[in-house]
Structure formats: C-alpha cells, structure tokens
Amino acid sequence: MKVYCVVFFLLTCVFINVSNAQVVIRADFMAGMANPIGQEFEQKARFGVGYSLDVTYAPNILDNQLSFGIAKDGNALFSANASVNGKKAEVKVSLLSLSGLKTRFDLKTTSCVSPYAALTIGVGGLKCGFARVKYNGTDENGVDSDVVVDYEKAYAFTVKPEIGVSIGWFQMSLGWILPRKYGVHKVSAGAFMYNLGFRLKFD
C-alpha cells in the first residue's frame, strides 16, 4: 500500500507541473501468452497467459515521442511436474504481477508503423498455490497417498524491458519481467510476455 501511495504522490506532482503544457495522454491495453522462466519453473511442463495495462502522458518534448506513466502487468503461470519412479506429482498455479512506473519511447516514422521501446520499474508480486501428491504404497484399504496443498505470497523489486511496434491503433510487444527471488524460500520467477492489443490516444 505504501508503494501505491508514493507512486500516486509522484504522479500527482508531475501532472501539476505539466498542467499548463500541452500533453498527450495514452492508454494501452494488451493481452497474450506468457512463458514462465526462473528456477521455479525449471524441468517442468509450463505455459501461461498474461495482460498489460498502462496509462502514460507525453509532454510536448521530443515531438511527443517520449512518454511517462504507470503500468500494471499480470500473468497466470501454470506448471506441472511428475516423477514416475518416486510416484510423485505436482501441479502449481502462480500469479506473477508487476506494478510500477513506465517510460516509453516511440520512434516516429513516415508511415503508420512505429517501433517502440519501454521500461517498467516497480514491485513484482508472486502468489504460488500448489497441490502435491506423493504415493506411499498400498495397504489393506487400497492405495495410500499424501496430498499437500499450500499457498505462498511474496514481493520483490523487479524490472520489465519491452520492445514492440505500433501500426495505427494496433500494437504488439515482447516484454520480459526479469526473474527475481521471492519470499523466505528465495523462489526465482519471471516471465516472457507476448502481447497483442491496442492504444487509445487523447490529445
């Protein structure tokens, strides 16, 4: 909560300072596939889905190519692992998020195609829920096994570089939430994000 208060305060100060200048407000909405990375997902079947939202403003400098604002990324990451000889299986769902400050540079061209690069710096959040089954053998009552269900939640400072291209209002991007170690167990997790979406612009 303290982080959100600080971010809100900084953005309020910035908007007050540029209130008398000509600015362009932009809102980006994207969603797509996410590829889990980090020690948390090694040697496991894995896939994910994610989204990216941001609101930025471009002050009348550098021909409105440089913009600043806030961003929110969220990913649902799924993984499964099984050991045949040990007769163990694990299924895990992890929610990886990033909330922070974003800066983006859009290269203006003579056509409607515009490549861009962006960087988001903020607080990453990892929520891990998993179910683990361990086979213990067979007794007179049948198959016996232990089922463990657990849940973890942790935060860490992280960064997301991003590159992409805008074609009119349509855009696509490749983002990389850098793997960070979360919680007391030092769980390493990150994600590659492959997104498609659109941009709204308010002059």
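Structure report, in brief. (Residues numbered from 1 in each chain as written. Predicted model: local features only at pLDDT ≥ 70, side-chain atom pairs only at ≥ 80, totals over all residues. Heavy atoms only, no water.)

## Here's the deal with the pattern of salt bridges
Enumeration over the complete set of coordinates arrives at 10 salt bridges. In this structure, Lys-160 engages Asp-73 in a salt bridge whose closest nitrogen and oxygen atoms are separated by 2.8 Å. Placement of the pair is Lys-160 in strand β6 (residues 142–167) and Asp-73 in strand β3 (residues 66–83), with a sequence separation of 87 residues. The pair formed by Lys-160 and Asp-73 is uniform in burial state, with each residue classed as buried. Across the salt bridge formed by Lys-102 and Glu-162, the nearest N and O atoms sit 3.3 Å from each other. Separated by 60 residues along the polypeptide, Lys-102 in strand β4 (residues 88–106) and Glu-162 in strand β6 bring together distant segments of the chain. Neither residue differs from the other here; Lys-102 and Glu-162 are each classed as buried. One connected set of salt bridges, linked through shared partners, spans Arg-26, Asp-28, Arg-104, Asp-106 and Arg-199. (Salt bridge = Lys/Arg side-chain N within 4 Å of Asp/Glu carboxyl O. Helix = DSSP H or I, 4+ residues; strand = E, 2+ residues; numbered from the N terminus. Buried < 20%, exposed > 50% of the residue type's maximum accessible area, 1.4 Å probe, protein only.)

## Description of the environment of Ala-189
By the secondary structure assignment, Ala-189 is in strand β8 (residues 187–202). Ala-189 gets classed as buried once you look at its relative accessible area, which sits at 0%. As for Ala-189 and Ser-94, which are separated by 95 residues in sequence, their C-alpha atoms are 9.3 Å apart. Beyond its immediate stretch of four places on either side in the chain, Ala-189 contacts Ile-37, Glu-40, Phe-41, Leu-126, Leu-178, Pro-179, Arg-180 and Tyr-182. (Contact = heavy atoms within 4.5 Å.)

Everything listed is a geometric property; what it means functionally is a separate question.
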